[in-house]
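Chain residues, written in single-letter form:
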Amino acid sequence: MKFEYAPAPESPALAGIAPSHGLFIGGEFREAADGKVFTTISPSSEEVLSEVARGGPEDVDAAVAAARAAFPAWSALPGAERAKYLFRVARIVQERSRELAVLESLDNGKPIRESRDVDLPLVAAHFFYYAGWADKLPHAGYGQDPRPLGVAGQVIPWNFPLLMLAWKIAPALACGNTVVLKPAETTPLTALRFADICRQAGLPPGVVNIVTGDGEAGAALVAHPGVDKVAFTGSTEVGRGIARALAGTRKKLTLELGGKAANIVFDDAPLDQAVEGIVSGIFFNQGHVCCAGSRLLVQESVADEVLDALKRRMAGLRVGDPLDKNTDIGAINSAGQLARIRELAEAGEAEGAERWSPACDLPGTGFWFAPTLFTGVSQAHRIAREEIFGPVLSVLTFRTPDEAVAKANNTPYGLSAGIWTEKGSRILWMADRLRAGVVWSNTFNKFDPTSPFGGFGESGYGREGGRHGLEAYLDV
Amino acid sequence: MPTTAPALPLADVTATDAALRRFLHGLPGVDAVGLEARAAALGTRSIKTTAKAFALDLAISMIDLTTLEGADTPGKVRALCAKGVRPDPADRSAPSVAAICVYPDMAAVAVEALRGTGVSVASVATAFPAGRAARSVKLADTAEAVAAGAAEIDMVIDRGAFLAGRYMEVFEEILAVKEACGRAHLKVILENGELATYDAIRRASWLAMLAGADFVKTSTGKVAVNATPANTLLMLQAVRDFHAATGRRIGVKPAGGIRTAKDALKYLVLVNETAGEDWLSPRWFRFGASSLLNDLLMQRQKLSTGRYSGPDYVTVD
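Residues numbered from 1 in each chain as written. Chains lettered and ligands numbered in written order. Predicted model: local features only at pLDDT ≥ 70, side-chain atom pairs only at ≥ 80, totals over all residues. Heavy atoms only, no water.

A. Here's a closer look at the interface of chain B and chain A. Listed per partner, the contact involves 29 residues of chain B and 24 residues of chain A. For the pair chain B and chain A, the summed buried area comes to about 2300 Å², and 48% of that belongs to carbon and sulfur atoms. Across the pair Arg 240 of chain B and Asp 272 of chain A runs a salt bridge whose closest N-O atoms are separated by 2.8 Å. Seen at the junction of chain B and chain A, the total is ten residue pairs in polar contact (both at pLDDT 80 or more). Listed by contribution, the elements that provide at least two residues to the side of chain B that touches chain A are helix H2 (32–42), helix H3 (49–61), helix H10 (198–210), helix H11 (229–246) and helix H12 (261–274) of chain B. If you tally residues by element for the side of chain B that touches chain A, the top one is H3 of chain B, at six residues. (Contact = heavy atoms within 4.5 Å. Buried area = accessible area lost by both parts, 1.4 Å probe. Salt bridge = Lys/Arg side-chain N within 4 Å of Asp/Glu carboxyl O. Polar contact = N/O pair within 3.5 Å; in protein donor to acceptor, adjacent residues only side chain to side chain. Helix = DSSP H or I, 4+ residues; strand = E, 2+ residues; numbered from the N terminus.)

This is the structure in structure tokens:
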């Protein structure tokens, strides 16, 4: 019998989107100095969601000045007092999580199941976690009385808009810094809603400032002389530019960049769970994940079995309306990103890899890409080397653990890796040898505020999350 | 060059004790965290409107409506049979349940009460629920239930022998009970709560399937841990894989602890997205339950009338 799930959509009205949005500077929303605006659209329908102020250098200047003005009082507060604000923010995020999840799914295109069950709980957890650190900084291992840096300029990507905001803002505020945050051009709305939460929580004006805009605003922010610390999450290319711009300045810099993670499946793996891990590794958030397990390395002796099971599982993925609670894969975030994914997938075919996707009806409007896997991929193919940042998995095989390590490490990146085996000693042996900031064993894409996250090589430097995440925002 | 192929795929794995052990221990391991996470994720599927109406009726039609109490009487069993045939006296469109499940000494009463209704009689047997009796007693128990007219036999495996690693003993016992069943369908209860680990549940599922089970069933309902979404998901994977390997389709029956319509719908999602739609039929999936039926009926009434009616509008039998 056919069990069709009827549509079960969340109402877009829950997001309560205003027709226009201003910049959040010094506790007030205001237009851009030059009055410029841009529109943000829903990637699943291409409908305009709202008009948003396009911040420029002058606005960045005003935001940095507001943050600078707020810094002395904020940093002088006892840690326990700063903690109260952060706990309040965390609780409001929880209370408003349905609204925020719908807003995030509308603006970003990710399925509501993920924004509701992953993004929002983690956002609240990060604020709760760093609220706990605010009055315990002398015990963090950075000296008796570690001092904040000042004004943090933070630039975040579009793949986890609110979660990346939380990763940046929560530790910065806990340590006593004030911030100017530039959300991604295609996903400004949840950051601006977060500004409203800051006001609701009574956060002193200027402690958090949000400047929306494009790359120009981001460049102005990181280059601004009034900024003491720059934190960037995004592409390796932009990260390189920032590192270059900051070289020789006193600014402290952390970068969380791209990845091309290997998800390594041994023949003694728990195969059903490994298949789930492969799926969540590459299709979670449409593959728009810097630590996505985009290269599957599977031991030759189980390759056929794993691929059969993977294809069967992929055929069950539900692609469509991000607001439908039964959707597994939502929309690609932008036309530009879709073009990039298509280009790399075509390169994969042109270079001789075999492409497969399950039969799936993609909606007529919006940006969509069917979950895709490539077999017969070699280390030399572009799809095995370049970050695709989409729902495209490259499958390679290996014969021995040494070969698995060699192939996994054969990348300029080094953000994450996964190991699937029931043999504990092999997990430890592999983890010792893999050059990656995060190594998951018998799971993938698991995040927790207590655990540091960050990369090797061209995946960036610095850690976010955990005790380690405090270091980026302290003068140590 | 071999001149004859084995009659059944996998027949050789039960040829010797050592071969059977090697096979069962060669099955892929189960990562408990991952299995439970997958079951929980499928539990978040949102089943609304037409899908809900379909699923509620399907769930009712899959129930083995059960009474397994020391206090059971012919009167109690007859009342349960009447309820199973027409679960909602006020709404004739409500389907009948799949079967009435009773102890062997009540099987004849149920057979008489259900004659001509299309509702089947299932009887537990083999010294249910502990199964701690001589094999001759278990076989006699089975034979009596079959003689009384039970069309389905729910046996328990010897968990003691299984946990001690005497797999061949368990295998042979299932074979013997299967033979005693004659034409009756055999459901093999693994009692997951006593097997304790997911690895053991996967091995026991395969052992039962290799021995000729028509269904694998999670539990007796008489121990602390009975059916869970995770252990049912695991058994659905086992029947799916067994079908792929042998072409034989085996049913799954979670039993014990499934009391709400919401839970039942989650199990149907597990079936749909693990074994697939071929299993979405009372022929291949059953719920062993007693109080579940009333909640399904209440949800069904809510869906058709738009109002919650309350427990006084469903019958207590």
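Moving on from the coordinates now.
B. Representation of the nonpolar core within the structure. Counting 110 residues, the largest nonpolar core has Phe 127, Leu 165, Val 208, Val 265 and Leu 310 of chain A as the members making the most contacts within it. Looking at which domains feed residues into this core, each of domain 1 (12–257 + 457–471) and domain 2 (262–441) of chain A gives three or more. Sequence-distant contacts of Leu 165 of chain A, that is, excluding residues within four places in its chain, are made with Phe 127, Ile 156, Ala 170, Leu 181, Ala 191, Phe 194 and Ile 210 of chain A. Formed by 102 residues, the second largest nonpolar core is a distinct cluster that contains Ala 107, Ala 184, Met 235 and Trp 279 of chain B. (Core = buried A, V, L, I, M, F, W, Y, C linked by side-chain atoms within 4.5 Å. Buried < 20%, exposed > 50% of the residue type's maximum accessible area, 1.4 Å probe, protein only. Domains from an automatic or database assignment.)

C. Highlighting the domain arrangement of chain A. Residue and element names in this part refer to chain A. Taken domain by domain, chain A comprises domain 1 (12–257 + 457–471) and domain 2 (262–441). On a C-alpha basis, the centres of domain 1 and domain 2 stand 30 Å from each other. Of the residues lining the interface, 31 residues belong to domain 1; the matching set on domain 2 comes to 29 residues. Across the domain 1/domain 2 interface, buried area totals approximately 2500 Å², and carbon plus sulfur atoms make up 57% of it. For domain 1, the biggest contributors to the area lost against domain 2 are Ser 44, Trp 158 and Ser 459; these three give 21% of the whole. Between the two partners, domain 1 and domain 2, sit one salt bridge. Among the salt bridges present, the one from Asp 328 reaches Arg 113, with a minimum N-O distance of 3.0 Å.

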